[in-house]
Amino acid sequence: LSTYYFGHHPANRIEFSRGRDIMPVPGPKTGAISFFAYPVLEENEKRIPVKVKFTFQRESFSEI
């Protein structure tokens, strides 16, 4: 699979954001954000790690 995926973009791939060093307004005090895929939490100008859990459930639909 590594030979296939290197340089290929499968159809089910998603894009979270484009670019690096994203600076929203108002921006975080701890610096630029690399991706909009994870939440950013700051307290007293220090970035606090946030535990993130992703889930997926496939649903099947029958025709009426």
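Preceding this paragraph is the structure being described.
Keep in mind that this is a model prediction, so the values were computed, not measured.

Draft legend 1. Examining the overall build of the chain more closely. A tally of regular secondary structure across the chain gives one helix and two strands. Listing each helix as α and each strand as β along the chain from the N terminus yields α-β-β. Sorting the 64 residues of the chain into buried and exposed places 8% on the buried side. Counting contacts in the chain only where the partners sit at least 6 residues apart, residues at least 24 apart contribute 0% of the total.

Draft legend 2. Here's a closer look at a nonpolar patch on the surface. Together, Y38, L41, V50, V52 and F54 make up a nonpolar patch on the protein surface, roughly 470 Å² of accessible area in all. Along the chain, V50 falls in the segment after β2 (46–48). On the basis of relative accessible area, V50 is assigned to the partly exposed category, the value being 36%.

Thresholds, definitions, all that
Within each chain, residues carry numbers counting from 1 in the order of the written sequence. The model is predicted, so local features are restricted to residues of pLDDT at least 70 and side-chain atom pairs to those at 80 or more, both for listing and for counting; the totals for chains, interfaces and linings are taken over all residues. Excluding hydrogens and water, the side-chain values take into account all heavy atoms of the structure. Note on conventions: DSSP H or I runs of at least 4 residues are helices, E runs of at least 2 residues are strands, and numbering of each starts at the N terminus. Burial status follows relative accessibility: with a 1.4 Å probe on protein chains alone, a residue under 20% of its type maximum counts as buried, one over 50% as exposed, and anything between as partly exposed. We call two residues in contact when some of their heavy atoms are within 4.5 Å. Like charges are joined within 9 Å and nonpolar side chains (Val, Leu, Ile, Met, Phe, Trp, Tyr) within 5 Å, but only among residues with over 30% relative accessible area and no salt bridge; these make up the patches. Using a 1.4 Å probe, the Shrake-Rupley method yields the accessible areas, and only the shown protein chains count as cover for residues. In the sections that follow, a salt bridge refers to a side-chain nitrogen of Lys or Arg positioned within 4 Å of a carboxyl oxygen of Asp or Glu.

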